[in-house]
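Take a look at the letters that make up each chain.
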Amino acid sequence: ARKEKLSKEVMEKRIKNTLDEYLQLKDVNEVAETLRELDSRECFPYVAFSAMEQAFDRTSSKDDLIQLLTTLVERRVLRGEEVEAGVDQHLEFLEDCAIDVPASPAVTAAFVAAGLLAGYVSWAHLREACERFMLET
């Protein structure tokens, strides 16, 4: 019998809780296992989105969360496009977010720079995202 597919909200809550747990235990294998159990790539961009959101709230967690994303991509649990899609969700509203969370532009830049250096965020994607989100007036 096939398992009932979880709702997007339930999957996002599991991802957020898993990232919270990761920040305490630093167990990449647990995160990877949770993502495999979700068995739904459609929610994977939320991993990057949620990691960035948590780093906005707790900038001290930024490096650990960046390392987690990098490791998940290296292990082929996440795809670069999924990380890019999660980053895009923040880029779209970064100007507004910066008002409430002054650290958000610096945290976003750190995530993007790490992705560029590790090769899972492409320059072409970043250029296109800037055209879409940053050059709107």
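Just so it is clear, the model here is predicted, and its values are computed rather than measured.

Calculation rules
- Residues numbered from 1 in each chain as written.
- Predicted model: local features only at pLDDT ≥ 70, side-chain atom pairs only at ≥ 80, totals over all residues.
- Heavy atoms only, no water.
- Salt bridge = Lys/Arg side-chain N within 4 Å of Asp/Glu carboxyl O.
- Helix = DSSP H or I, 4+ residues; strand = E, 2+ residues; numbered from the N terminus.
- Buried < 20%, exposed > 50% of the residue type's maximum accessible area, 1.4 Å probe, protein only.
- Arc of directions from axis to C-beta.
- Contact = heavy atoms within 4.5 Å.
- Polar contact = N/O pair within 3.5 Å; in protein donor to acceptor, adjacent residues only side chain to side chain.

A. A look at the pattern of salt bridges. Here the structure, examined in full by the defined rule, presents 10 salt bridges. Note that Lys-16 is salt-bridged to Asp-20, the shortest N-O span being 3.5 Å. One end of the pair, Lys-16, and the other, Asp-20, are both in helix α1 (residues 8-25), 4 residues apart, so they sit about a helical turn from each other. Overall, Lys-16 belongs to the partly exposed group, its relative accessible area being 33%. Residue classification places Asp-20 among the partly exposed positions, given a relative accessible area of 25%. Each of Asp-88, Glu-128 and Arg-132 takes part in one network of salt bridges that share partners.

B. Inspection of helix α2 (residues 28-38) at higher detail. The set of residues buried in α2 consists of Val-28, Val-31, Ala-32, Thr-34, Leu-35 and Leu-38. Projected down its long axis, α2 shows its buried positions confined to an angular sector of 160°, all on one face. Buried residues belonging to α2 abut α1, α3 (45-57) and α4 (62-74). Measuring from the side-chain oxygen of the N-cap residue of α2 to the backbone nitrogen of Asn-29 gives 3.1 Å; that N-cap residue is Asp-27. Once α2 ends, the next one or two residues include Asp-39, with phi positive near 50°.

Just distances and angles here, no functional claims.
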